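What the coordinates show
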Amino acid sequence: VVFARLTLAAAGRRPTFESTAVVFGAVLWSHPGALSLVSGKSGIALAIGALLTLTATTPIAVVGGVALALSKPTFGLPLVAMAFARGRWRSTALGVLVATAISIPMLVRLVASFGVRELLAGFGNNLDVTAPIGSAKRVDLASMVARLTDSEPGLWFELTVGAIVLAVGFVTARHMWR
C-alpha cells in the first residue's frame, strides 16, 4: 500500500483511495502476487487489510481492515500502530475488538481440545523451527544485514532494527496522509 502511494506521488499523481487501489491491484496480480494467491498464503488478505486500514475513508472499512490484518498479528500489530499514528483511534480500537471476538471461539476450542499446557508447548515448538537470523528463509531487514555482513547478530540487534523499521513506518504514516 505504501509502495502504491509512493509510486503515485512520484508520478505526480494525488494518491486517492481509488488510484491506490488500482496500483495496489496491479501489484497483487503481478507474478509474485499471483504466486501468493495460488499458494494460499495470507499475503493478499493482509495487503487488502492494510489498504483498508491506511487509505479507507469510512470508519467501518478501517474496522474491517484492522480485523483482517490482525489475522496475522506480526503484520497486524505494527499496522495498528500506524493506524493509531494516523489518528484513527476509535475505528482501530474497534477493529482490534472485532479481531479479538473472532479469535476467542477458536482459542476456546483449542484449549478444550488440547489443554493450556499442550497449546503453549505447540507455540514453543513453532518457535524452535523458525529460521534463524541470517537465513535465506527470512525476509526482513535484520536478516538482510546479517547476510550482508556475514555475521549473526543477537536478539537485541534484531529487536532494535525492528523498532527502527516500526518507527519509520509510524512517522511515514503520520506525514504521508496529511
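Residues numbered from 1 in each chain as written. Predicted model: local features only at pLDDT ≥ 70, side-chain atom pairs only at ≥ 80, totals over all residues. Heavy atoms only, no water.

1. Quick look at the overall build of the protein
Along the backbone of the protein there are nine helices and zero strands. The buried share of the protein, taken over its 178 residues, is 29%. Considering only contacts within the protein whose residues lie at least 6 apart along the sequence, 49% involve residues at least 24 apart. Counting only carbon and sulfur atoms, one obtains 70% of the accessible surface of the protein, whose full area is about 11,600 Å². (Helix = DSSP H or I, 4+ residues; strand = E, 2+ residues; numbered from the N terminus. Buried < 20%, exposed > 50% of the residue type's maximum accessible area, 1.4 Å probe, protein only. Contact = heavy atoms within 4.5 Å. Areas by Shrake-Rupley, 256 points an atom, 1.4 Å probe, with all protein chains shown as cover.)

2. Some thoughts on the packing of helix 4 (residues 43-55) against helix 5 (residues 59-69)
Packing of helix 4 against helix 5 leaves a shortest axis separation of 7 Å and a crossing angle of 150°. In this structure, helix 4 meets helix 5 at a crossing whose hand is left-handed. Note on element contacts: helix 5 touches helix 4 through Ala61, Val62, Gly65, Val66, Leu68 and Ala69, opposite Ala45, Leu46, Ile48, Gly49, Leu52 and Thr53. Here the residues of the contact of helix 4 with helix 5 are counted per class, giving nine nonpolar, three polar and no charged. (Axes fitted to C-alpha atoms, helices over the stretch in contact; angles between N-to-C directions. Left-handed = near helix turned anticlockwise from the far one by under 90°. Nonpolar A, V, L, I, M, F, W, Y, C, P; charged D, E, K, R; others polar.)

3. Considerations on the nonpolar core
Among the nonpolar cores identified, the biggest contains eight residues, and these are Ala56, Ala61, Val62, Val66, Ala67, Leu70, Val80 and Ala99. Top contributing element to this core by residue count: helix 5, with four residues. If we ignore the near neighbours within four places in the chain, the residues touching Ala56 are Phe17, Leu51, Ala61, Val62 and Arg88. In terms of nonpolar packing, the next biggest core, distinct from the first, is built from six residues, Ala4, Leu8, Val23 and Leu51 among them. (Core = buried A, V, L, I, M, F, W, Y, C linked by side-chain atoms within 4.5 Å.)

4. Some points on the side chain of Arg88
Relative to the helices and strands, Arg88 is located in the loop between helix 6 (73-85) and helix 7 (89-128). With a relative accessible area of 17%, Arg88 lands in the buried category. Reaching out from Arg88, the side chain makes a polar contact with the backbone oxygen of Thr53 at a distance of 3.2 Å. When sequence neighbours within four positions are dropped, the list of residues in contact with Arg88 reads Leu52, Thr53, Ala56, Val62 and Ala83. (Polar contact = N/O pair within 3.5 Å; in protein donor to acceptor, adjacent residues only side chain to side chain.)

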